[in-house]
Amino acid sequence: MTDKMPSDSVPERKSAGRSHDVLIDMVRISTEHGDDHDAAIRGLLEAVRTFLDLPVAIVSRIVADDYVLEQVIDQGGELVSGKRFRLTDTYCERVIALESPLFVERAGDSLFKGHPCYEETGLETYIGVRLMLGEQLYGTLNLTSPEPRRRPFSPDETSVVETAGVMISQHIALRQADQRFQLAVEGASVGLWDWNIRTGETYWSPRVYELTGVGPKADNRGFDAFLARIHDDDRPRPRAAVER
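Residues numbered from 1 in each chain as written. Predicted model: local features only at pLDDT ≥ 70, side-chain atom pairs only at ≥ 80, totals over all residues. Heavy atoms only, no water.

S.K.: Just checking my understanding: could you explain the layout of surface pockets for this structure?
M.R.: In this approach, a probe sized like a water molecule rolls over the atoms, and the result shows the empty space that is left. Roughly 550 Å³ of volume is contained in the largest pocket. Mapped by element, the contributors of at least two residues to the lining of the largest pocket are β1 (56-63), β2 (66-74), α4 (116-121) and β6 (136-145). For the lining of the largest pocket, the leading source of residues is α4, giving four residues. When grouped by side-chain class, the residues that make up the lining of the largest pocket number 14 nonpolar, five polar and five charged. (1 Å grid on protein atoms, 1.4 Å probe; cavity = no way out; pocket = protein on both sides within 12 Å on 5 of 7 lines; lining within 4 Å. Points joined across faces, edges and corners; volume = space filled by probe spheres on them. Helix = DSSP H or I, 4+ residues; strand = E, 2+ residues; numbered from the N terminus. Nonpolar A, V, L, I, M, F, W, Y, C, P; charged D, E, K, R; others polar.)

If you want it as structure tokens, here you go:
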């Protein structure tokens, strides 16, 4: 005689399996785009949107009561990046006020029925988390639908959204750091030369072209071209470093 499994064990295992798969996919997305942080953020948005099967996924930027759609995936095509709202007219204001994630499956059957967002848009389903850069609020990651959700968000689903929020926050922080570094380099008139030893790919900043007086041609940018522009007495050291 064998014991019967609890009736909810199979759905729970399926949910855990899907969560595991999407988390692995999110790690892949986060790493494969390199320094293109906007592409990574969009990929993460689409991954979590597909996982939850919701039509709208948003990364917002919030400053005081100004709520801006920074990145949007909207299957209906109504929302676009750059569109602005008052924070108080969005469910995200509750996320900010409570300083915690918010999950709403049927807004019309809850206290949110009287919220300005519900009165204006009729959004029934909402799940949102804060995007934090250290201790500083940047905005929110949120996913919505005008249709009520048939079942509550599971712990696995909310965990995926929270993880996506952390990963998106990291990409935003890295993007800001890259922008500040670029401004510093441009302000100092410094030229940057980078060489990927494994792939042979090289990068020359615009200032390097100005300093060397060459055009952006592939045969001008390799390691040999770099050595050719170094004084004879200084060439052995970089060559020996590469050969080690």
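S.K.: What's the story with the pairing of β1 in this structure? I'm lost.
M.R.: The side chains of a regular strand alternate between both faces of the sheet. Counting buried residues along β1, six of its eight residues qualify, which places the element largely inside the surrounding structure. Examined bridge by bridge, β1 and β2 share eight bridges and lie antiparallel to one another. Residue pairing across strands places R61 opposite V68, the latter belonging to β2. Hairpin connection, β1 to β2: the antiparallel pair is bridged by two residues, and A64 has positive phi, about 55 degrees. Alignment of β1 against β6, held across six bridges, turns out to be antiparallel. (Buried < 20%, exposed > 50% of the residue type's maximum accessible area, 1.4 Å probe, protein only. Pairing = 2+ DSSP bridges.)

S.K.: Looking at this structure, how should I read the sheet that holds strand β5 (residues 125-133)?
M.R.: Paired through their backbone hydrogen bonds, the strands of a sheet run either parallel or antiparallel. A sheet is described by the order of its strands in space; here six strands give the open sequence β3-β2-β1-β6-β5-β4, paired in antiparallel fashion. Pairing within the sheet leaves two strands with one partner each, and these edge strands are β3 (84-86) and β4 (102-104). Strand after strand, the sheet turns through a mean of 25 degrees between neighbouring axes, direction not considered. Sheet topology places β5 next to β6; nine bridges connect them, and they run antiparallel. (Axes fitted to C-alpha atoms, helices over the stretch in contact; angles between N-to-C directions.)

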